Amino acid sequence: MNADQNSHPHMESSDTPAKINYWLLAAVIVFPALLRWLGQPWNLTPVGGIALFTGVYFSRSRWAIAVPLSAMLLSDITWGLMRGDVMTYTFHSVIPFVYGSYVLYVLLGQRVRANWEHSESEPQPAWKRAAGRGFPLCIATLGGSLLFYLITNFGMWMMYTTYPHTLAGLIQCYVAGLPFLRPTVIGDAFYTTLFFGAFAVVQLILTQPTANMLSKEN
């Protein structure tokens, strides 16, 4: 492995030029903050999809985790600036639970990649390969949404005095958080589809033989 490979995050596909990775990093980190600034609906965030994507395609765990967390931090800072109180809206008590949830998304993405590699160890029809990729990704997406709901609401119950620190209070907190579960699931499903679909198209374009491209020009 050369020095250039050690100096930047890279994706599993060797056909993807390194410079594409830098543009991808910049885009995905800024994207959630841009959506916040544009008035994104509550919990309809792309960070879960980003975390699943980096978990699957980024071969280095530190980058797979750093990218979605950096995106979330920039988004939170943007939200704090918009509300006029960065400390309250960015560095709140539930941050470890929110950010920890997104680390779990990355780990789910890495499990999806392992599943893909295992299932594709032998040749198989294209339709079966597509189905074999889609099903575990769907499970991971839904699993990430549910984990985020469970962990962040537990954090709300634990870190604040809004609900009694009893089992009944915890259940009350989870019930109150149910309206936010639906947009979380929708956001994760939409942005996961968007990121993975867009990357598949980019891979298809970048892997076209140069000879074919030149022949079209001639």
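Described in the following lines is the structure provided in the data block.

Parameters at a glance
Position numbers for residues count from 1 along each chain, tracking the sequence in the order it is written. In keeping with the model being predicted, local features are shown solely for residues with a pLDDT of at least 70 and side-chain atom pairs are shown and tallied solely at 80 or more, while totals for entire chains, interfaces and linings include all residues. To obtain the side-chain values, all non-hydrogen atoms of the structure were used and water was disregarded. Buriedness of a pocket was judged along seven lines, with at least five required to meet protein on both sides within 12 Å; pockets are open sets of points on a 1 Å grid over the protein atoms alone, cavities are sets where a 1.4 Å probe fits but cannot get out, and lining residues have an atom within 4 Å of a point. Grid points are joined across faces, edges and corners, and a volume is the space filled by probe spheres set on the points. Secondary structure elements are defined from DSSP: runs of H or I of at least 4 residues count as helices, runs of E of at least 2 residues count as strands, and each element is numbered from the N terminus. Pairs of N or O atoms are called polar contacts if they sit within 3.5 Å, as long as, within protein, a hydrogen donor faces a hydrogen acceptor (for residues adjacent in sequence, only side-chain-to-side-chain pairs). Every patch collects residues that have over 30% relative accessible area and no salt bridge, joining them within 9 Å if they carry like charges and within 5 Å if they are nonpolar side chains (Val, Leu, Ile, Met, Phe, Trp, Tyr). Computed with a 1.4 Å probe, the accessible areas rest on the Shrake-Rupley method; for each residue, only the protein chains presented here act as cover. A side-chain nitrogen of Lys or Arg and a carboxyl oxygen of Asp or Glu constitute a salt bridge if their distance falls within 4 Å.

**Topic: the layout of surface pockets**
In this structure, the largest pocket occupies an estimated 790 Å³ of space. Lining the largest pocket we find 30 residues, and of these Trp42, Asn43, His92, Val98 and Met156 sit closest to its centre. Among the secondary structure elements, those contributing two or more residues to the lining of the largest pocket are helix H4 (61-83), helix H5 (86-90), helix H6 (95-119), helix H7 (126-159) and helix H8 (167-206).

**A few points about the side chain of Arg113**
Mapping Arg113 onto the fold places it in helix H6. Engagement of the side chain of Arg113 in a polar contact is seen with the backbone oxygen of Val56, the distance being 3.4 Å.

**Thoughts on a nonpolar patch on the surface**
Side chains of Val30, Leu34, Trp37, Leu38, Leu74 and Met82 sit close together on the surface and give an oily, nonpolar patch of about 590 Å² of accessible area. Looking at the nonpolar patch, the elements that each hand over two or more residues are helix H2 (18-37) and H4. Broken down by element, the residue count for the nonpolar patch peaks at three residues, all from H2. Locating Val30 in the fold gives a position in helix H2.

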